[in-house]
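Descriptive analysis of the structure
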Amino acid sequence: MIVKYFATIRTYTGESERRVDDTPPTLGPLLETLAARYGRPFRRAVFAGDELNPEIIILVNGRNVLYSGRLEAPLAEDDEVSIFPMVAGG
Amino acid sequence: MYGWTGTILRIDLTKGKVKREATDVKMAHDYLGARGLGGKIIVDELDPKTDALSPDNKLIFAPGPFTGTFAPSAGRYEVITKGPLNNVIACSNSGGAFGPELKYAGYDALIIEGKAAKPSYLWISDDKVEIRDAAAIWGHDTPDTTDLVRAETDEEAKVACIGPAGEHLSLIANIMNEMHRAAGRTGVGAVMGSKNLKAIAVYGTGSVQVADPDRFKAAVMNARKLIQAHPVGGAGLKAYGTDVLVNILNQTGALPTRNFQDGYFPTADKIGGESLAAKQLVRPKGCFSCIISCGRVSKVDNPDYKGFGEGPEYETAWSFGADCGIDDLDAITKANFLCNEYGMDTISMGSTIACAMELFEMGAITAKDTDGVQLTFGNTAAMVEMVRKAGKNEGFGAKLAQGSYRLAESYGHPELSMTCKKQEMPAYDPRGVQGIGLNYATGNRGGCHVRGYTIAIEVLQNGAVMDPRVTEGKAGLDILFQNLTAALDSSGACLFSTFGIGGAELAEMLSALTGVEYSLDEFLRIGERIWNQERLWNLKQGYTTADDTLPDRLLNDPIKTGPAKGEVSHLDQMLPEYYSLRGWDEKGVPGKAKLKELALN
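Residues numbered from 1 in each chain as written. Chains lettered and ligands numbered in written order. Predicted model: local features only at pLDDT ≥ 70, side-chain atom pairs only at ≥ 80, totals over all residues.

**With respect to the overall build of chain B**
The secondary structure content of chain B amounts to 24 helices and 17 strands. Radius of gyration (C-alpha) of chain B: 22 Å, near the 25 Å computed for a compact globule of 601 residues. By principal-axis analysis of the C-alpha atoms, chain B measures approximately 60 × 55 × 45 Å. Relative to its 601 residues, chain B shows a buried fraction of 65%. Taking as baseline every contact in chain B between residues at least 6 positions apart, the subset at least 24 positions apart corresponds to 71%. (Helix = DSSP H or I, 4+ residues; strand = E, 2+ residues; numbered from the N terminus. Rg over C-alpha atoms; globule rule 2.2 N^0.38 Å. Buried ≥ 20, exposed ≤ 12 C-beta atoms within 10 Å, placed from the backbone. Contact = placed C-beta atoms within 7 Å.)

**A closer look at the pairing of strand β1 (residues 2–5) of chain A**
All names here are of chain A. Where burial is concerned, the two faces of β1 differ: the one with V3 and Y5 is buried and the one with I2 and K4 is not. The pairing of β1 with strand β7 (residues 80–85) spans four bridges and is classified as parallel. Among the inter-strand pairings, Y5 is bridged to a residue of β7, identified as I83. (Pairing = 2+ DSSP bridges.)

**Some words on the packing of helix α19 (residues 474–491) of chain B against helix α21 (residues 520–540) of chain B**
All names here are of chain B. Closest axis-to-axis distance for the α19/α21 pair is 7 Å, and the angle between their directions is 95°. On the basis of their axis angle, the class for α19 and α21 is roughly perpendicular. Contacts between α19 and α21 pair Q482, N483, L484, T485, A486, A487 and S490 from the former with F523, L524, I526, G527, E528, I530 and W531 from the latter. (Axes fitted to C-alpha atoms, helices over the stretch in contact; angles between N-to-C directions. Parallel < 35°, antiparallel > 145°, perpendicular 65-115°, else oblique.)

**Let's talk about the sheet that holds strand β6 (residues 63–64) of chain A**
Residues and elements named next belong to chain A. Read from one edge to the other, the open sheet built from five strands follows the order β2-β1-β7-β5-β6, with strand pairing classed as mixed. Strands at the two margins of the open sheet, each flanked by one partner only, are β2 (17–19) and β6. The sheet contact formed by β1 and β2 spans three bridges and is antiparallel. Within β2, the position partnered with I2 by the bridge is R19.

**A few points about the pairing of β7(A)**
Residues and elements named next belong to chain A. The buried fraction of β7 amounts to five of the six residues, a majority that puts the element mostly inside the structure. Sheet topology places strand β5 (residues 56–60) next to β7; five bridges connect them, and they run antiparallel. Its bridge partner lying in β7, V60 is registered against V81.

**Observations concerning the interface of chain A and chain B**
Contacts between the two partners involve 19 residues from chain A and, on the opposite side, 33 residues from chain B. Here the side of chain A that touches chain B gets three residues from one element, more than from any other, and that element is β7(A). Residue composition of the side of chain A that touches chain B, grouped by class: eleven nonpolar, six polar and two charged. (Nonpolar A, V, L, I, M, F, W, Y, C, P; charged D, E, K, R; others polar.)

**Looking at the sheet that holds strand β9 (residues 158–161) of chain B**
Across a sheet, strands are paired by hydrogen bonds formed along the backbone, either parallel or antiparallel in direction. Residues and elements named next belong to chain B. The strand order across the open sheet built from six strands is β8-β7-β12-β9-β10-β11, with neighbouring strands paired in mixed fashion. Both outer strands of the open sheet, β8 (128–133) and β11 (181–183), are each paired with one neighbouring strand and no more. The mean inter-strand angle of the sheet, taken between neighbouring strand axes irrespective of direction, is 20°. Alignment of strand β10 (residues 175–177) against β11, held across three bridges, turns out to be antiparallel. From the neighbouring strand, M176 faces β11, where its bridge partner is A182. Set on the sheet, helix α4 (residues 142–152) makes contact with β7 (120–125), β9, β10 and β12 (197–203); between it and β9 the angle comes to about 135°.

**Focus: the confidence of the model for chain B**
When pLDDT is low, close inspection of the predicted coordinates is not appropriate. Across chain B, pLDDT averages 97, with 100% of residues at or above 70. Scoring the predicted complex yields pTM 0.98 and, for the interface, ipTM 0.95. (pLDDT = per-residue confidence, 0-100.)

**Section: helix α14 (residues 380–392) of chain B**
All names here are of chain B. In this model α14 runs 19 Å from its N-terminal to its C-terminal C-alpha over 13 residues, within 8% of the 18 Å that 1.5 Å per residue would give. In terms of burial, α14 is largely enclosed, as ten of its 13 residues are buried. Inspection of α14 places T380, A382, M383, V384, E385, M386, V387, K389, A390 and G391 among the buried residues, and these make up the whole buried set. On its buried side, α14 packs onto α5 (164–167), α12 (329–342), α13 (346–361) and α15 (397–400). Positive phi appears at N393, one or two residues downstream of α14, with a value of about 60°. (Expected span 1.5 Å × (residues − 1).)

**Thoughts on unusual backbone geometry**
The step from B:G311 to B:P312 runs through a cis peptide bond, and the omega angle for that step is 0°. The residue B:P312 is located in the loop between β15 (307–310) and α11 (314–319) in this model. Backbone geometry at A:N61 places phi at a positive 50°, although glycine is not the residue there. As for its position among the elements, A:N61 is in the loop between β5 and β6. The phi angle at B:D371 is positive, at roughly 55°, despite the residue not being glycine. In this fold, B:D371 is placed in the loop between α13 and α14.

**Quick word on the packing of helix α2 (residues 34–45) of chain B against α19(B)**
Helix packing geometry: the angle between the two helix axes and the distance between the axes. Residue and element names in this part refer to chain B. Between α2 and α19, the shortest axis-to-axis distance is 5 Å and the interhelical angle comes to 90°. Considering their axes alone, α2 and α19 lie roughly perpendicular with respect to each other. Of α19, the residues touching α2 (which contributes A34, R35, G36 and L37) are A486, D489 and S490. Here the contact of α2 with α19 is built from residues that sort into three nonpolar, two polar and two charged.

**With respect to the nonpolar core**
Judged by nonpolar contacts, the single largest core of 223 residues is most densely connected at B:A201 and B:M383. Look past the residues within four positions of B:M383 in its chain and what remains in contact with it is B:F320, B:C324, B:I326, B:A331, B:A335 and B:I353. (Core = buried A, V, L, I, M, F, W, Y, C linked by C-beta atoms within 7 Å.)

Next up, the structure:
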């Protein structure tokens, strides 16, 4: 699985993408693993308490996880996960 | 009057006469200003059969009631005219500082009529209005024109002007103000050029009167607080500009690529806002009274594309980038600077070049047509050269300067012009995002995203979310956005203030400013009125339901690669409901009951 970061998320991670070898079954554990790696600014960006932060946009293969279970969204080995902060328009 | 100045300036360039008129109070209350007021004047005064490039067309510059106040991002004005690209009511929006200066000089609108006998410019300093000789500035690019006009008038004057493209009557010519802000679309620059009008310089010593200063201040401070707290309005746009959209649209699979042949561009990251911030950004910049500061002051050091200016916006990075198969940000930014200097709409210019690239690759045009240039997708130098040629109206550039519809049609392939009602669609693929496709198809000025920016909900999670791949609920979503935006565009506020505030906050500020009570419902009804007004004009131009459509490619050719692979637009599932919810018949004609409700003839 590959996780891609965009905009300010890159400043929290210090990189624009990361390959993940052990694909967790759902999004929640993946974000936990990444938060443990990147620290508090990343954690605060993706979580709001125990929930997915409403100001984060996460796509799995181009589909917003809001439509596939949020933190329960299932993940597969070849998936591409993209993480954006809420961004612009125009 | 409060908010409004109460005065309109009518300038007859043929006779060289200037007339001051009182702003019609009822018209101001019912249409607000800018887009709505200008549109109403066009509807009332212009014979629908008028040739858009004839002296009979009227060219209106109109700010809104908010313009020039300290309401957030209150710097907007519109240029309204019969658009030569496609005969609609062209209502092109711009920021900067020109609009506020018009208010300070004392005007709710400038109505420019006729045609000057020779190249001229207007110098408006409060009550004093002069029509001056522009022989010395005709032919100059927009930055030089601005400098030269200020030197002859006042260094503090704000200048709106055309570049060589408007002088050549390019159907995609724009009007630039403060050198870097554009009233971009639908060929408004050509109308100005057709009147032999090179520039307008304005300087004002007045101010905007507020009906209830305490209430206005409270409403404004609340609005500013909401925008500041919003992740986009308060931080995101300042950090990355609109170009930050490249990656999210690409990762959604809806970044139109190579003239909409595909929806995914593998090297998109090289042209997105992150790359722009890292490589070219000098500093962010905001318009009058704006804390959002989405503007980019940028520079390119690469000697091949050296330049300094503002931009590119997302639409521009897309049109010269993914749409042309190009991932060289230096070249894209240079193309952006050139468009500003020559005075051309970046969306239509890039999309027209992309159309030409497809025609070239399929052999419909050859190097003989393109002055020896190998105009293929990905050919960076060719793209930049074509922008220059179009700006100068030279060789093949003269064809490009008339937009993709006329270009493609002249070579027997109108289906390859990615337009709606002859205006180029912007940077969102309707096959990957259903609601924006409906907006393109029903847009009164043709292919346009800003007049019904459903992307905010379908992709950007701004306040609400709707799945971009479904059609359910999109008709209602489009209508809401189109109505709200029409009212907002007529008020003088900036569209980006909606990253933070909505109709309720706008209505409250407007009420406090003008002393006229506007509920949210009334504010939206004004927007609906303006939308229907534009629709009625289009029907008179001969537009029918057959024109509320998308290119065949988007209806029938699935996206080839990326996350939205296999998708097409399902416009047919949304359009009937759209008509019905709008109170129109099955042919898209507004019904009598709806017109009565909106007080339209």
